[in-house]
Amino acid sequence: MASASHAPTPLLKDELDIVIPTIRNLDFLEMWRPFFQPYHLIIVQDGDPSKTIRVPEGFDYELYNRNDINRMLGPKASCISFKDSACRCFGYMVSKKKYIYTIDDDCFVAKDPSGKDINALEQHIKNLLSPSTPFFFNTLYDPYRVGADFVRGYPFSLREGVPTAVSHGLWLNIPDYDAPTQLVKPLERNTRYVDAILTIPKGTLFPMCGMNLAFDRELIGPAMYFGLMGDGQPIGRYDDMWAGWCTKVITDHLGLGVKTGLPYIWHSKASNPFVNLKKEYNGIFWQEELIPFFQSVSLPKDATTVQKCYLELAKQVRAKLGKVDGYFNKLADSMVTWIEAWDELNPPKGGAPTANGPPKK
């Protein structure tokens, strides 16, 4: 009886926020209740702010709609996307916790091969609390997991690893495909459960998906800007990938790690491939320029904070990608605005100077 009444405190209970972008009632939280209820939720309502979003009873949450974003950020609200799940990054900005987990409202609890429910949040936390190994690949994957270690030939000088900034989870059922692949493989489902976690090597980019993602907000938060997407923009469905490319370049520069693999969630429904194609059309062409750009980005040695790195990246986006399309000049402006808004809502501890100069009095 004593053990039943003294359940263990969930990991990082007071140090983590769960950020959910949505346009609908959050009935999906009922399935996640055993895992999410102890944590604080930040819900970012997209679309019509007059619509009421129903949240199941018993959850501790705060909800922001477009009116709230405009009120809190004023003119700087222009950097937050509208009618697109990229609006979730506003939740990253207003959080005061060290860690963030973000999930989409069509993602349900998956089961492992034994049929047991997967506590995705717990696995993300384990990923973030153990080091990464971006400088040398370990062929047994994550050497810090139970039952694994560094293989013969792995340099002892690199075995301490580096802090993990990002934990990128995967999906069973509906894969995260682009529109052309969806159209070619409309019935394809991911049924493969791979029990592995990898550190993505330094210098290697990856397509980050925002529907099952955790990160250390103190280490990398200002880089997690999901760009200008959706209403009034010539591109969509590249929000999380843009953030991933920026984040990976910055983590590489600052000596931080990014993991991918476990945990899995169950992605319940496929979005419309024809609608997706309209959103992705420009991006499909532009990414052939974007990837070489990010592969060749070099950040200066004096860029020692995420903010400084991000502002330098914005400069290079304007100088090099502005030639691809005028949209990237607008995006570069929004990257700068994002950092200004971040610093306003998150003044540095102890009044230290920010990337934008001395703290405001």
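Residues numbered from 1 in each chain as written. Predicted model: local features only at pLDDT ≥ 70, side-chain atom pairs only at ≥ 80, totals over all residues. Heavy atoms only, no water.

Draft legend 1. Expanded view of the overall build of the chain. Within the chain, the secondary structure is distributed over 11 helices and nine strands. Since a compact globule built from 361 residues should have a radius of gyration of about 21 Å, the 20 Å found for the chain is in line with a globular shape. By principal-axis analysis of the C-alpha atoms, the chain measures approximately 60 × 55 × 55 Å. Here the chain holds 361 residues, and the buried ones make up 50% of them. Sequence-distant contacts in the chain: of pairs separated by 6 or more residues, those separated by 24 or more amount to 74%. Computed over 40 positive and 41 negative side-chain charges, the inter-centroid distance for the chain is 3 Å. (Helix = DSSP H or I, 4+ residues; strand = E, 2+ residues; numbered from the N terminus. Rg over C-alpha atoms; globule rule 2.2 N^0.38 Å. Buried < 20%, exposed > 50% of the residue type's maximum accessible area, 1.4 Å probe, protein only. Contact = heavy atoms within 4.5 Å. Lys, Arg positive; Asp, Glu negative; His and termini not counted. Charge placed at Lys NZ, Arg CZ, Asp CG, Glu CD.)

Draft legend 2. Region of the structure containing a nonpolar patch on the surface. On the surface, a cluster of nonpolar side chains totalling about 330 Å² of accessible area is made up of Leu 183, Val 184 and Phe 274. Mapping Leu 183 onto the fold places it in helix α6 (residues 179-184). (Patch = residues over 30% accessible without salt bridge, like charges linked within 9 Å, V, L, I, M, F, W, Y side chains within 5 Å. Areas by Shrake-Rupley, 256 points an atom, 1.4 Å probe, with all protein chains shown as cover. Salt bridge = Lys/Arg side-chain N within 4 Å of Asp/Glu carboxyl O.)

Draft legend 3. A look at the packing of aromatic side chains. Summed over the entire model, instances satisfying the criterion amount to 20 aromatic pairs. Plain terms: the ring middles of Tyr 92 and Phe 226 are 5.7 Å apart, the flat faces sit at 70° to each other, and that makes the pair edge-to-face. Here Tyr 92 is found in helix α4 (residues 89-94), whereas its partner Phe 226 is found in the loop between α7 (217-220) and α8 (239-254), with 134 residues between them in sequence. What makes Tyr 92 buried here is its relative accessible area of 0%. Here the aromatic cluster, defined as three or more aromatic residues joined through ring pairs, consists of Trp 242, Trp 245, Trp 286, Phe 293, Phe 294, Tyr 327 and Phe 328. Its end group placed over the ring of Phe 156, Arg 159 keeps NZ or CZ at 3.8 Å from the ring centre. (Phe/Tyr/Trp six-rings, centres within 6.5 Å; stacked < 30°, edge-to-face > 60°. Lys NZ or Arg CZ within 6 Å of the ring centre and 35° of its normal.)

Draft legend 4. Focus on empty space enclosed by the protein. Applying the stated criterion to the full structure yields two cavities of 30 Å³ or more. Within this model, the largest cavity holds a volume of roughly 80 Å³. Around the largest cavity, the lining is made up of 13 residues, and of these Thr 133, Phe 136, Phe 137, Asn 138 and Thr 199 lie nearest the centre. When grouped by side-chain class, the residues that make up the lining of the largest cavity number nine nonpolar, three polar and one charged. Within this model, the second largest cavity holds a volume of roughly 40 Å³. Lining the second largest cavity we find Met 229, Ile 235, Tyr 238, Trp 242, Trp 245, Leu 290, Tyr 327, Phe 328 and Leu 331. Among the secondary structure elements, those contributing two or more residues to the lining of the second largest cavity are α8 and α11 (327-345). Broken down by element, the residue count for the lining of the second largest cavity peaks at three residues, all from α11. (1 Å grid on protein atoms, 1.4 Å probe; cavity = no way out; pocket = protein on both sides within 12 Å on 5 of 7 lines; lining within 4 Å. Points joined across faces, edges and corners; volume = space filled by probe spheres on them. Nonpolar A, V, L, I, M, F, W, Y, C, P; charged D, E, K, R; others polar.)

Draft legend 5. Spotlight on the UniProt feature "glycosylation site" (unreviewed entry) in the chain. When the UniProt feature table is mapped onto this chain numbering, "glycosylation site" (unreviewed entry) sits at Arg 152. Within the secondary structure, Arg 152 is located in the loop between α5 (120-129) and β6 (164-173). (UniProt positions renumbered as here; feature names shortened; annotations may be inferred.)

Draft legend 6. Up close: the pairing of β6. Burial within β6 is extensive, with nine of its 10 residues counted as buried. In the sheet, β6 pairs with strand β9 (residues 257-267) via nine bridges, with the strands oriented parallel. Its bridge partner being in β9, Thr 164 is matched across the sheet by Gly 257. Here three bridges tie β6 to strand β8 (residues 212-216), and the two strands are oriented antiparallel to one another. Residue pairing in the sheet places Ser 167 in a bridge with Ala 214 of β8. (Pairing = 2+ DSSP bridges.)

Draft legend 7. Looking closely at the side chain of Gln 182. Within the element layout of this structure, Gln 182 appears in helix α6. Its relative accessible area of 13% is what places Gln 182 among the buried residues. At 2.8 Å, the side chain of Gln 182 forms a polar contact with the side chain of Asn 276. In this structure, Gln 182 is in contact with Tyr 177, Arg 237, Ala 270, Ser 271, Pro 273 and Asn 276, ignoring residues within four places of it in sequence. (Polar contact = N/O pair within 3.5 Å; in protein donor to acceptor, adjacent residues only side chain to side chain.)

Draft legend 8. Fine view of the layout of surface pockets. Considered as a void within the structure, the largest pocket measures approximately 1400 Å³ in volume. Ser 85, Asp 104, Asp 176, Arg 237 and Ser 271 are the residues nearest the centre of the largest pocket, which is lined by 47 residues in total. Every element with two or more residues in the lining of the largest pocket is listed here: β1 (16-22), β6, α6, α8, β9 and α9 (273-296). Here the lining of the largest pocket takes seven residues from α9, the largest share from any one element. Tallied by class, residues from the lining of the largest pocket come to 20 nonpolar, 11 polar and 16 charged.

Draft legend 9. Region of the structure containing the UniProt feature "site: Required for activity" (unreviewed entry) in the chain. According to UniProt, the positions carrying the feature "site: Required for activity" (unreviewed entry) are Arg 152 and Arg 159. Relative to the assigned elements, Arg 159 resides in the loop between α5 and β6. For Arg 159, a relative accessible area of 21% corresponds to the partly exposed category.

Draft legend 10. Quick peek at the packing of α9 against helix α10 (residues 306-321). Here α9 crosses α10 at 135°, and the two axes come no closer than 11 Å. Accordingly, the angle class assigned to the pair α9 and α10 is oblique. Once α9 is placed against α10, the crossing between them reads as right-handed. In this structure, α9 contributes Glu 289, Leu 290, Phe 293 and Phe 294 to the contact, and α10 contributes Leu 313, Gln 316, Val 317, Lys 320 and Leu 321. Class assignment for the residues of the contact of α9 with α10 results in six nonpolar, one polar and two charged. (Axes fitted to C-alpha atoms, helices over the stretch in contact; angles between N-to-C directions. Parallel < 35°, antiparallel > 145°, perpendicular 65-115°, else oblique. Left-handed = near helix turned anticlockwise from the far one by under 90°.)

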